[in-house]
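Breakdown of the fold
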Amino acid sequence: DAGITQSPRHKVTETGTPVTLRCHQTENHRYMYWYRQDPGHGLRLIHYSYGVKDTDKGEVSDGYSVSRSKTEDFLLTLESATSSQTSVYFCAISDMEPPAGTQYFGPGTRLTVL
Amino acid sequence: AQSVTQPDIHITVSEGASLELRCNYSYGATPYLFWYVQSPGQGLQLLLKYFSGDTLVQGIKGFEAEFKRSQSSFNLRKPSVHWSDAAEYFCAVGAWKSNNNDMRFGAGTRLTVKP
């Protein structure tokens, strides 16, 4: 299995609070992705990164920001969490340029916004 | 607009029976096509992918998929299902769109395997 960890694995927070999710990889892969998974929607791409300090928006980026200051870490921040951001968040990595590259997924973070 | 459709939300098959999971896409050009599997509480794992060449693709765990351009389909098949195949299956389609990465997943098909 690819070396991908996500932290925290579970989080409950209140509306309006900031939340940061961390994705850490030990594979030295260039490309990293953040998805959210919701019933009936599959996975939807939030943001992705081509390398350190190089990020771009995905399909559902509103309300989210990301940062990548090191190859191994990709942070997802909800500046002011809302109930609509209750979801399971997955990080993925790839060593090939999208869309061709196989993506390897982390175990996910379950976020509940009350 | 680009889209990926998995028409079956839930499928139940008996162990040992054959399986076909459907995937249809709508994209402007030939996209990159993937099938992923997700076991409960886990992340997604790649089963197989298609970019070009032979339209019948072999993957892990005995799965295969066939790309049919005329039908815009990429259906996943397995000749004999095992109880351990019970999981959720996602079709995904990737392409470049306006110089940006566009990766779309279907809503998933949950597979139940009866003894």
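Refer to the preceding data block for the structure.
These lines cover the structure that appears in this document, whether it is placed above or below. Numbering of residues starts from 1 in each chain and follows the order in which that chain's sequence is written. Written order determines the labels here, with chains lettered from A and ligands numbered from 1. Local features in this predicted model are restricted to residues whose pLDDT is 70 or higher, and side-chain atom pairs enter the listing and the counts only when it is 80 or higher, whereas totals over whole chains, interfaces and linings include all residues. As a rule here, side-chain values cover all heavy atoms of the structure and leave hydrogens and water aside.

What to know about the interface of chain B and chain A
Contacts between chain B and chain A engage 22 residues on the former and 25 residues on the latter. Buried area is calculated as the accessible area (1.4 Å probe) missing from two parts once they are joined, with the contributions of both summed. Both faces considered, chain B and chain A share a buried interface measuring about 1,800 Å² in area, 54% of it formed by carbon and sulfur atoms. In the sections that follow, a salt bridge refers to a side-chain nitrogen of Lys or Arg positioned within 4 Å of a carboxyl oxygen of Asp or Glu. Summed over the shared surface of chain B and chain A, the number is 1 salt bridge. In this structure, A:Glu59 engages B:Arg104 in a salt bridge whose closest nitrogen and oxygen atoms are separated by 3.5 Å. Each polar contact in these results corresponds to two N or O atoms within 3.5 Å; when the atoms are within protein, one needs to be able to donate a hydrogen and the other to accept it, and residues that are neighboring in sequence are counted only if both atoms are side-chain atoms. Run the count over chain B and chain A and you get 3 residue pairs in polar contact (both at pLDDT 80 or more). If you list the elements that add at least two residues to the side of chain B that touches chain A, you get β5 (32-38), β6 (44-50), β10 (87-97) and β11 (100-105) of chain B. Here, residues are in contact when the closest pair of their heavy atoms is within 4.5 Å. Under the scheme used here, helices are H or I runs from DSSP no shorter than 4 residues and strands are E runs no shorter than 2 residues, and both carry numbers assigned from the N terminus.

Some remarks on the sheet that holds strand β7 (residues 64-70) of chain A
By way of backbone hydrogen bonds, the strands of a sheet pair with one another, either parallel or antiparallel. All names here are of chain A. Strand order in the open sheet formed by 4 strands is β1-β3-β8-β7, and the pairing between neighbours is antiparallel. Of all strands in the sheet, those bounded by a partner on one side alone are β1 (4-7) and β7. Going across the sheet, the axis of each strand differs from the next one's by a mean of 20 degrees, ignoring polarity. Following DSSP output, two strands are said to pair if at least two bridges run between them. Here strand β3 (residues 19-25) runs beside strand β8 (residues 73-78); their pairing, made up of 6 bridges, is antiparallel. Among the inter-strand pairings, Arg22 is bridged to a residue of β8, identified as Leu75. Geometry is summarised by axes, namely lines fitted to C-alpha atoms with helices restricted to the contacting stretch, and by angles between N-to-C directions that run from 0 to 180 degrees.

Description of the state of the cysteines
Residues and elements named next belong to chain A. Working definition: a disulfide is two cysteine sulfur atoms within 2.5 Å of each other. Applying the stated rule across the entire model yields 2 disulfides over all chains. Here Cys23 connects covalently by a disulfide to Cys91, the sulfurs 1.9 Å from one another. Because the torsion about its S-S bond is -65 degrees, the bridge between Cys23 and Cys91 counts as left-handed. Placement of the pair is Cys23 in strand β3 and Cys91 in strand β9 (residues 87-94), with a sequence separation of 68 residues.

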